[in-house]
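# An overview of the molecular structure
The residues making up each chain are set out below.
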Amino acid sequence: MKVNGRLYRSIWLEEDGKVGIIDQRFLPHRFVLEWINSASHMQIAIKEMHLRGAIVIGVSGAYGVYLAAKESEGNIERFNELVEKVRSARPTAVNLSWAVERVLSRIKMEDAGRWDDVVELCREEANKIWEEELLRSKRIGEVGVKIIEEVFKRKQDTVQILTHCNAGWLACVDYGTATAPIYEAYARGIPVHVWVDETRPRNQGARLTAWELLNQGISHTIIADNTGGLLMQRGMVDLVIVGADRVSRRGDVANKIGTYLKALAARDNGVPFYVALPSSTFDLSLCNGLDEIPIEERDPDEVRFIQGLTEEGEIKRVLLTPRDSSALNYAFDVTPFNLITGLITEKGIIPAREDAIVGLLKEDV
Ligand code: MRU
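Residue numbering note: each chain is counted from 1, following its sequence as written. Local features in a predicted model are, by the rule used here, given only for residues with pLDDT of at least 70; side-chain atom pairs are given and counted only at 80 or more, and totals for whole chains, interfaces and linings are based on all residues. Side-chain measures here rest on the full set of heavy atoms in the structure, leaving out hydrogens and waters.

### Concerning the overall build of the chain
- Numbering of helices and strands runs from the N terminus, with a helix taken as a DSSP run of H or I at least four residues long and a strand as a DSSP run of E at least two residues long. For the chain, the helix and strand inventory stands at 12 helices and 18 strands.
- The quantity called the radius of gyration is restricted to C-alpha atoms. Its globule counterpart is 2.2 Å times the number of residues to the power 0.38. The C-alpha atoms of the chain give 20 Å as radius of gyration, which agrees with the globular expectation for 365 residues (21 Å, within 12%).
- Note on exposure labels: buried denotes an accessible area under 20% of the residue type's maximum, exposed denotes more than 50%, and partly exposed covers the range between, all computed with a 1.4 Å probe on protein chains only. Taken across its 365 residues, the chain has 55% of its residues classed as buried.
- In short, Shrake-Rupley with a 1.4 Å probe defines the accessible areas, and a residue's cover is counted only from the protein chains shown. On the chain, roughly 15600 Å² of surface is accessible, and the fraction owed to carbon and sulfur atoms is 49%.
- His is not counted, nor are the chain ends; Lys and Arg add positive charge and Asp and Glu add negative charge. Taken as the charge centre is NZ of Lys, CZ of Arg, CG of Asp or CD of Glu, depending on the residue. Counting 45 positive and 54 negative side-chain charges, the chain places the averaged centre of each group 3 Å from the other.

### Details of the packing of helix 3 (residues 76-87) against helix 4 (residues 94-110)
- Angles here are taken between N-to-C directions and fall from 0 to 180 degrees, while the axes themselves are lines fitted to C-alpha atoms, restricted in helices to the stretch in contact. The contact between helix 3 and helix 4 brings their axes to 9 Å, and the two run at 155°. Relative to helix 4, helix 3 is oriented roughly antiparallel. Mapping the contact onto sequence places F79, V83, V86 and R87 in helix 3 and L96, S97, V100, E101, L104 and I107 in helix 4.
- Taken together, the residues of the contact of helix 3 with helix 4 break down into 7 nonpolar, 1 polar and 2 charged. Roughly parallel here means an angle under 35 degrees, roughly antiparallel means over 145, roughly perpendicular means 65 to 115, and every remaining angle is called oblique. Residues count as neighbours in contact if any of their non-hydrogen atoms are within 4.5 Å of one another. Residue polarity follows a fixed list, in which Ala, Val, Leu, Ile, Met, Phe, Trp, Tyr, Cys and Pro are nonpolar, Asp, Glu, Lys and Arg are charged, and the others, Gly among them, are polar.

### Some details on the domain arrangement of the chain
- Per the domain assignment, the segments making up the chain are domain 1 (2-132) and domain 2 (144-362).
- Using only C-alpha atoms to locate each centre, domain 1 and domain 2 end up separated by 25 Å.
- Counting from both sides, the interface comprises 33 residues of domain 1 and, opposite them, 37 residues of domain 2.
- Salt bridges are identified by distance alone: a Lys or Arg side-chain nitrogen within 4 Å of an Asp or Glu carboxyl oxygen. Between the two partners, domain 1 and domain 2, sit 2 salt bridges.
- Per element, the largest residue contribution to the side of domain 1 that touches domain 2 is 4 residues, and it comes from helix 2 (residues 54-72).
- Along the lines of polarity and charge, the residues of the side of domain 1 that touches domain 2 split into 19 nonpolar, 6 polar and 8 charged. What fixes the domain bounds is an automatic or database domain assignment.

### Considering a nonpolar patch on the surface
- Like charges are joined within 9 Å and nonpolar side chains (Val, Leu, Ile, Met, Phe, Trp, Tyr) within 5 Å, but only among residues with over 30% relative accessible area and no salt bridge; these make up the patches. A contiguous nonpolar surface patch, about 260 Å² in accessible area, is contributed by Y260, L261 and L264.
- Mapped onto the secondary structure, L264 falls in helix 9 (residues 259-268).

### Considerations on the site of the ligand
- Near, as used in this document, describes a residue that has one of its heavy atoms within 4 Å of the molecule or strand being considered. Contacts to the ligand come from 19 residues, most closely from R52, A54, R90, N255 and K256.
- One of the side-chain N or O atoms of N255 is found 2.8 Å from an oxygen atom in the ligand.
- Taken by itself the ligand offers 410 Å² of open surface, and the protein chains cover 100% of this.
- With respect to the detected pockets, the ligand is housed in the largest cavity.
- When contributions to the shell around the ligand are tallied by element, the ones reaching two or more residues are helix 2 and strand 11 (253-256).
- Of the residues contributing to the shell around the ligand, the split by class is 9 nonpolar, 6 polar and 4 charged. In protein, a polar contact requires one atom able to donate a hydrogen and another able to accept it; more generally it is a pair of N or O atoms within 3.5 Å, and residues adjacent in sequence count only if both atoms are side-chain atoms. Both cavities and pockets are sets of points on a 1 Å grid over the protein atoms alone; in a cavity a 1.4 Å probe fits but cannot get out, in a pocket the set is open with protein on both sides within 12 Å along at least five of seven lines, and lining residues sit with an atom within 4 Å of a point. For a cavity or pocket, the test is whether more than half of a molecule's atoms lie within 2 Å of its grid points; if they do, the molecule sits there.

### Description of the layout of surface pockets
- Grid points are joined across faces, edges and corners, and a volume is the space filled by probe spheres set on the points. Reported here for the largest pocket is a volume of approximately 490 Å³.
- E48, R202, E302, Q307 and R317 are, among the 16 residues lining the largest pocket, the residues nearest its centre.
- Broken down by secondary-structure element, the contributors of at least two residues to the lining of the largest pocket are helix 11 (301-304) and strand 14 (305-309).
- Built from parts of two domains, the lining of the largest pocket gets at least three residues from each of domain 1 (2-132) and domain 2 (144-362).

### Describing the pairing of strand 7 (residues 192-197)
- With 6 of 6 residues buried, strand 7 lies mostly within the body of the structure.
- Residue alternation in strand 7 divides its side chains into two sets, V192, V194 and V196 and H193, W195 and D197, and both sets are buried.
- In terms of strand pairing, strand 6 (residues 159-163) meets strand 7 through 5 bridges, oriented parallel. For Q160, the partnering residue across the bridge sits in strand 7 and is H193.
- By convention a crossover is right-handed if, when the strands point away from the viewer, the path from the first strand over the helix to the second runs clockwise. Following the chain from strand 6 across helix 6 (residues 180-187) to the adjacent parallel strand 7, one finds a crossover that is right-handed.
- Pairing geometry for strand 7 and strand 8 (residues 220-223), over 4 bridges, is parallel. Bridge pairing links D197 to I223 in strand 8.
- Handedness of the strand 7-helix 7 (residues 204-216)-strand 8 crossover: right-handed. Strands qualify as paired when DSSP identifies two bridges or more between them.

So this is what it looks like as structure tokens:
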């Protein structure tokens with residue numbers, strides 16, 4: 001996507017082996033780039049959410065293995081230690097362990113002799129994952145746009161879409177997952193308007209999705225997280241499209257906290273509720289997502305404090321709650337398969353059902 005007229009991806013590998021990222025902590029007020037040169041630095045960037053979003057976390061994990069290989073200089077113990085640090089940086093998005101495992105299995109498969117060759121294999125495989133994710137997101141847009149087109153054909157008026165958190169290009173290499181069909185619809189001249197859930201506590205919707213849509217010139221309105229239900233009751237939402245951090249074998253979807261409540265409201269109001277995801281976000285090893293998907297618990301201070309821009313143009317964090325109140329900060333929830341209208345993937349749109357998911361992924365196994 002373009003920022004100030006220049007093409008950017010959310011993450012990329014520089015010629016000199018450093019990994020470039022857009023530091024998402026300062027958006028929308030400041031556009032800051034960061035260069036990552038070690039696996040420990042990558043672990044911090046993932047954990048402290050310099051970058052975030054399932055797909056980009058996965059790609060970072062892959063580059064994290066490459067950085068670990070470079071800096072461990074053949075010391076296997078050190079290499080394993082660094083890889084584990086990266087792999088465990090955040091627990092819910094399965095893309096992280098999936099991508100780390102994929103790079104590791106490439107090394108095992110090729111049985112490289114010299115350590116330099118191992119480093120090169122890691123670089124190659126991480127770049128391959130980067131490229132594949134880019135294409136998957138693009139394809140999700142081309143597949144998912146059909147749903148928006150159908151609503152437009154029927155309605156002959158602006159298609160109203162609600163989304164939660166940021167499943168946009170910042171959360172992927174480019175295009176996004178939930179936003180990819182929206183960008184594609186806009187490119188095809190279909191009038192769309194997006195209701196952007198602010199997404200407390202870190203406000204990825206208000207800060208990041210709104211910034212992305214604004215950059216692309218797509219009509220949108222930020223709403224407080226609790227507004228979606230009322231809009232649905234009033235017929236102001238045609239579709240909900242969200243992203244995913246892990247989808248179990250039977251189709252339960254872990255996504256940013258609050259997604260489940262939107263799915264309940266959508267069901268009660270007959271609004272189709274779609275989840276957009278690449279095949280790298282399925283976890284076939286888990287069946288019952290409600291019991292089995294690990295839910296990240298983050299620092300309660302993310303709930304107690306809020307960050308914003310002062311009148312003087314400074315980015316500041318202020319306390320929102322009574323100093324002595326405690327807070328609880330679950331970062332994700334799980335929406336059960338029965339509340340989901342369909343899964344939009346790069347290979348097609350399928351129901352959230354075990355046979356459909358296993359069938360879709362068969363060629364990958
Ligand atoms: O905690 P975050 O910001 O990493 O959570 C991100 C989300 O929940 C996104 O909706 C998700 O990663 C899906 S998009 C690729």
